[in-house]
Amino acid sequence: MLMSNLTYPPLQLARLQNGWSTHSQATTPLGIQYVAECESTNAQLYSSTRQHNTLLVTERQSHGKGQFERAWVSVAGDLIFSLGLTLPLAQLPALSLRIGLALTQVFAQHSLSTQLKWANDVIAQHPDTGQRGKLAGILVQSQPAHHGHAWVVIGVGVNVAPRLLPQQINASAFAPIGLAQLAPQWSTPEVGAREALLIALVDTILVHIETAALNQDLPKLWNAHDIWRGQAVTLTDPQGAEHHGTAAGIAPSGAYQVKLDSNGTLKAFVSGQLRARS
């Protein structure tokens, strides 16, 4: 829920393009497109497989989607973008985890401490109330392309405008929280600040993708930010079965590991919904 009516000036395509050409470290050539509003940046790119190496940015989505087809609600000031890439099939299993790690690193550069919730959410804590909320979400969609590659669309939404956090805290469900609630400068950001942050996020995501084969430390790095590690959790698998145990972080494949209460064994899950148990 929106907490205030802050005004954020529209993103400027020229600033995005200049920021990319001036500051990017990634080697991937990137075409940047901007639309004021669309149904969904992911849906628009997913159906346009010829838009290879494309960044699509919008101010507002009318039908944004997150994990498990849940609605992603954005408000004025938020950062919404999708990347369209052709990637080797071998990079897909842990891709959303690498992206989440990239986001935490950029937020850390802005003095923001964040955690990761398997497999697609970035969580932040309100500095005054201590309440935790969802700062960013990731949606990766893919379809086979050719010769061992896939057409991949990476959607990212970052909440910037403040939200009204619920008074009743749910340890497993995280309401949205905005950058403006974490650092005062995001209530009235400087001209170009949102563009600079967006380009930094995109650049870091691409660098993580480009160096994936060289970086074998994903479990160690990701697990350091794992919000549930060491806690009692329930993982509901795609068939609806519940598995109770202790969260043990990700495996190199990106699968999440749970030490089961039933027999003490470590079981890895490639998909499912993970939540804390009280």
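Refer to the preceding data block for the structure.
Enquirer: Account for the sheet that holds strand S9 (residues 242-250), naming residues and giving values.
Expert: What the five strands build is an open sheet, ordered S11-S10-S9-S8-S12; its pairing is antiparallel. Each edge of the open sheet carries a strand with a single partner, namely strand S11 (266-269) and strand S12 (273-276). Adjacent strand axes in the sheet meet at a mean angle of 45°, parallel and antiparallel pairs treated alike. One ladder, built from four bridges, connects S9 with strand S10 (residues 256-260); its direction is antiparallel. Counted as the bridge partner of Thr246 is Lys259 from S10.

Enquirer: Can you break down the environment of Gly254 residue by residue, with the values?
Expert: Structurally, Gly254 is set in the loop between S9 and S10. Measuring from C-alpha to C-alpha, the distance between Gly254 and Leu218 comes to 8.4 Å, with 36 residues separating the pair along the chain. Those residues in contact with Gly254 that sit more than four places away from it in its chain are Ala94, Leu97 and Trp118.

Enquirer: Just give me the short version of the packing of aromatic side chains, but keep the residues and values in it.
Expert: What the rule picks out here adds up to two aromatic pairs. Considering the side-chain rings of Trp118 and Tyr256, the 5.5 Å spacing of their centres and the 50° angle between planes classify their relative orientation as tilted. Of this pair, Trp118 sits in the loop between strand S4 (114-117) and strand S5 (121-125) while Tyr256 sits in strand S10, and the two are 138 residues apart along the sequence. As far as the burial class goes, Trp118 and Tyr256 line up, both buried.

Enquirer: I'd love a proper account of the pattern of salt bridges, names of residues and values included.
Expert: As enumerated under the stated definition, the model contains seven salt bridges in all. As a salt-bridge pair, Arg15 and Glu195 come within 3.3 Å of each other at their nearest N and O atoms. Of this pair, Arg15 sits in helix H1 (residues 13-23) while Glu195 sits in helix H5 (residues 193-210), and the two are 180 residues apart along the sequence. Look at Arg15 and you get partly exposed, because its relative accessible area is 36%. Residue Glu195 is classed as buried on the basis of its relative accessible area of 5%. A salt bridge links Lys134 to Asp121; the shortest N-O distance between them is 3.6 Å. Taken together, the residues Lys134 in strand S6 (residues 132-144) and Asp121 in strand S5 connect sequence positions 13 residues apart. Since its relative accessible area comes to 11%, Asp121 is described here as buried. Salt bridges sharing common partners tie together Lys117, Asp121 and Lys134.

Enquirer: So what's going on with the sheet that holds strand S7 (residues 149-158)? Which residues, and what values?
Expert: Spatially, seven strands are ordered S1-S2-S3-S7-S6-S5-S4 in an open sheet, and the strand pairing comes out mixed. In this open sheet, the two strands that pair with only one neighbour each are strand S1 (31-38) and S4. Averaged over neighbouring strand pairs, the angle between their axes works out to 20° when direction is ignored. The pairing of strand S2 (residues 54-61) with strand S3 (residues 79-88) spans five bridges and is antiparallel. When the bridges of S3 are listed, Leu55 appears paired with Leu83. Sitting on the sheet, helix H3 (residues 95-109) is in contact with S3, S4, S5, S6 and S7, with an inclination near 140° to S6.

Enquirer: Describe the nonpolar core, naming the residues involved and giving the relevant values.
Expert: Ranked by size, the top nonpolar core spans 71 residues in total, and within it Phe107 and Leu179 carry the most contacts. Every residue in contact with Leu179, bar those within four places of it in the chain, is listed here: Phe107, Leu112, Leu135, Val158, Asn159, Val160, Trp186 and Leu197.

Procedures and definitions
Residues numbered from 1 in each chain as written. Predicted model: local features only at pLDDT ≥ 70, side-chain atom pairs only at ≥ 80, totals over all residues. Heavy atoms only, no water. Pairing = 2+ DSSP bridges. Helix = DSSP H or I, 4+ residues; strand = E, 2+ residues; numbered from the N terminus. Axes fitted to C-alpha atoms, helices over the stretch in contact; angles between N-to-C directions. Contact = heavy atoms within 4.5 Å. Phe/Tyr/Trp six-rings, centres within 6.5 Å; stacked < 30°, edge-to-face > 60°. Buried < 20%, exposed > 50% of the residue type's maximum accessible area, 1.4 Å probe, protein only. Salt bridge = Lys/Arg side-chain N within 4 Å of Asp/Glu carboxyl O. Core = buried A, V, L, I, M, F, W, Y, C linked by side-chain atoms within 4.5 Å.

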